[in-house]
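For reference, the chains in residue letters:
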Amino acid sequence: MRADRLIQVLLHLQSRPRVTAAELAGALEVSVATARRDLEALSAAGVPVYPQPGRGGGWSLLGGSRTDLSGLTAPEARALFLLAGPGAASSDDARAALRKLVRALPATFRAEAEAAAAAVVVDREGWSGARPARPPEVDALQRAVVERRRVRIDYTGATGYSSQRDLDPWGLVDKDGAWYLIAGTPRGPRTFRVDRIGALDVTDEPAVVPDDVDLQAEWDRVVGEVELKRSATWATVRVATEHVGVLRAQFGRHTVVVDDGQDGDDARATVRVAAPTPLDVARHLAGWGAQADVVGPTEVRTELARLGAELAAAHGGPDADARS
């Protein structure tokens, strides 16, 4: 949920004893389905918003118009700022509103609320593949980040090697549904895929987190390193204009349309695509056959020719029938 709309929902609920999803949708100029999802998201996150079914029913903030932010409990305040914080990152107005909300909280809750608001970075550009399910460990890790408690995890790395690690959690990243933990280790900050975490223990030991840690900047550094590796080899390809979208689905953000082909006679677009190695690029393009004309570089064309020869030898070459 966007942080600015979350704040609007809370203020609207606070100003009246009860509100329906349709009334809220009209006030916020969103669809009824969106208004209902916002209310359900608040309730599911632990903010004291409850539905009242039946004639004359609707949604109410516990305590009605007498409730303000100073009436929230510590878990409710944490839930609110965990929900609102990630959405405020892209808007100056939302960040300003979030600061005002923090100041409206009881003083004893403010530090934890600020930690909750900064606990998660949202990156809406996925690297590849379908959007994965939310790992069940996310909630416990969020609590560890907010409460600054060290965690002990069993972790399986990319090579398949498993080990137990003690980490100081700095924050979490939601990259289009794929969750990552950024944590301090004896060798400096490291990034861990949450879906590779096995056993998880949130200990009572205090976590060591630098006062000046910038979670967004740390994640930008990680993304920069990964993208550099993922785009080490660029190739120029010509395809029919109607196939550019298919090519983009394969290569994602590593797709640059040089010429959309709209002004030419053959209606073919010129596109630059990238992958870690020439072989990786060739594997992506091998299934295109003659529909993709790979202009260069030579290394990619060589790998394509080799893959084609292997396929022909295995499935369609002159010796294929003899082997079968």
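Residues numbered from 1 in each chain as written. Predicted model: local features only at pLDDT ≥ 70, side-chain atom pairs only at ≥ 80, totals over all residues. Heavy atoms only, no water.

**Quick word on the overall build of the protein**
- Scanning the protein from N- to C-terminus turns up 12 helices and 12 strands.
- Every one of the 324 residues in the protein was classed for burial, and the buried ones make up 40%.
- Restricting to contacts in the protein with at least 6 residues of sequence separation, those with at least 24 account for 64%.
- A total accessible area of about 17700 Å² is found for the protein, and carbon and sulfur atoms account for 50% of it. (Helix = DSSP H or I, 4+ residues; strand = E, 2+ residues; numbered from the N terminus. Buried < 20%, exposed > 50% of the residue type's maximum accessible area, 1.4 Å probe, protein only. Contact = heavy atoms within 4.5 Å. Areas by Shrake-Rupley, 256 points an atom, 1.4 Å probe, with all protein chains shown as cover.)

**Focus: helix H7 (residues 138-147)**
- Buried residues dominate H7, accounting for seven of its 10 residues.
- Where H7 is concerned, the buried positions are Val-138, Ala-140, Leu-141, Gln-142, Ala-144, Val-145 and Val-146.
- Arg-148 sits one or two residues past H7 and shows a positive phi near 55°.

**Notes on a negative patch on the surface**
- On the surface, Asp-211, Asp-212, Asp-214 and Asp-220 cluster together into a negatively charged patch.
- Tracing the sequence through the fold places Asp-214 in the loop between strand S8 (197-206) and helix H8 (215-230).
- Look at Asp-214 and you get partly exposed, because its relative accessible area is 45%. (Patch = residues over 30% accessible without salt bridge, like charges linked within 9 Å, V, L, I, M, F, W, Y side chains within 5 Å. Salt bridge = Lys/Arg side-chain N within 4 Å of Asp/Glu carboxyl O. Lys, Arg positive; Asp, Glu negative; His and termini not counted. Charge placed at Lys NZ, Arg CZ, Asp CG, Glu CD.)

**Notes on the environment of Val-9**
- Relative to the helices and strands, Val-9 resides in helix H1 (residues 3-14).
- In this structure Val-9 comes out as buried when scored by relative accessible area, which is 0%.
- Setting aside residues no more than four positions away along its own chain, Val-9 makes contact with Leu-24, Leu-28, Asp-38, Leu-39 and Leu-42.

**A few points about the packing of helix H9 (residues 244-251) against helix H10 (residues 278-286)**
- Packing of H9 against H10 leaves a shortest axis separation of 11 Å and a crossing angle of 140°. When the interaxial angle is binned, H9 and H10 end up oblique. Crossing angle aside, the handedness with which H9 passes H10 is right-handed. Of the residues in H10, those in contact with Leu-247, Gln-250 and Phe-251 of H9 are Val-281, His-284 and Leu-285. (Axes fitted to C-alpha atoms, helices over the stretch in contact; angles between N-to-C directions. Parallel < 35°, antiparallel > 145°, perpendicular 65-115°, else oblique. Left-handed = near helix turned anticlockwise from the far one by under 90°.)

**Concerning the sheet that holds strand S12 (residues 293-296)**
- As summarised here, the arrangement of the four strands in space is S10-S11-S9-S12, forming an open sheet in which the pairing is antiparallel. Among the strands making up the open sheet, the edge pair consists of strand S10 (255-259) and S12. Within this sheet the neighbouring strands show an average axis-to-axis angle of 30°, counted without direction.
- Two strands pair when backbone bridges link them, and strand S9 (residues 233-240) and strand S11 (residues 268-275) are joined in this way by eight bridges, in the antiparallel orientation. Bridge pairing in S11 places Val-237 opposite Val-271.
- In the packing of H9 onto the sheet, the strands contacted are S9, S10 and S11, and the crossing angle to S11 comes to about 5°. (Pairing = 2+ DSSP bridges.)

**As for the nonpolar core**
- In terms of nonpolar packing, the biggest core is built from 19 residues, with Val-239, Leu-247, Val-273, Val-281 and Leu-285 touching the most fellow members.
- The set of elements that each furnish at least two residues to this core consists of S9, H9, S11, H10 and helix H11 (298-316).
- Of the residues forming this core, the biggest block, four residues, is contributed by S11.
- Not counting residues up to four positions away in its chain, the partners in contact with Val-239 are Val-244, Leu-247, Ala-267, Arg-268, Ala-269, Trp-288, Gln-291 and Ala-292.
- Of all hydrophobic cores here, the second largest spans 16 residues; its members include Ala-144, Val-151, Leu-167 and Leu-172. (Core = buried A, V, L, I, M, F, W, Y, C linked by side-chain atoms within 4.5 Å.)

**Here we look at H9**
- Residues Val-244, Leu-247 and Phe-251 constitute the buried set of H9. Axial view of H9: buried residues confined to an arc of 60°, hence all on one face.
- Close packing links the buried residues of H9 with S9, S10, S11 and H10. (Arc of directions from axis to C-beta.)

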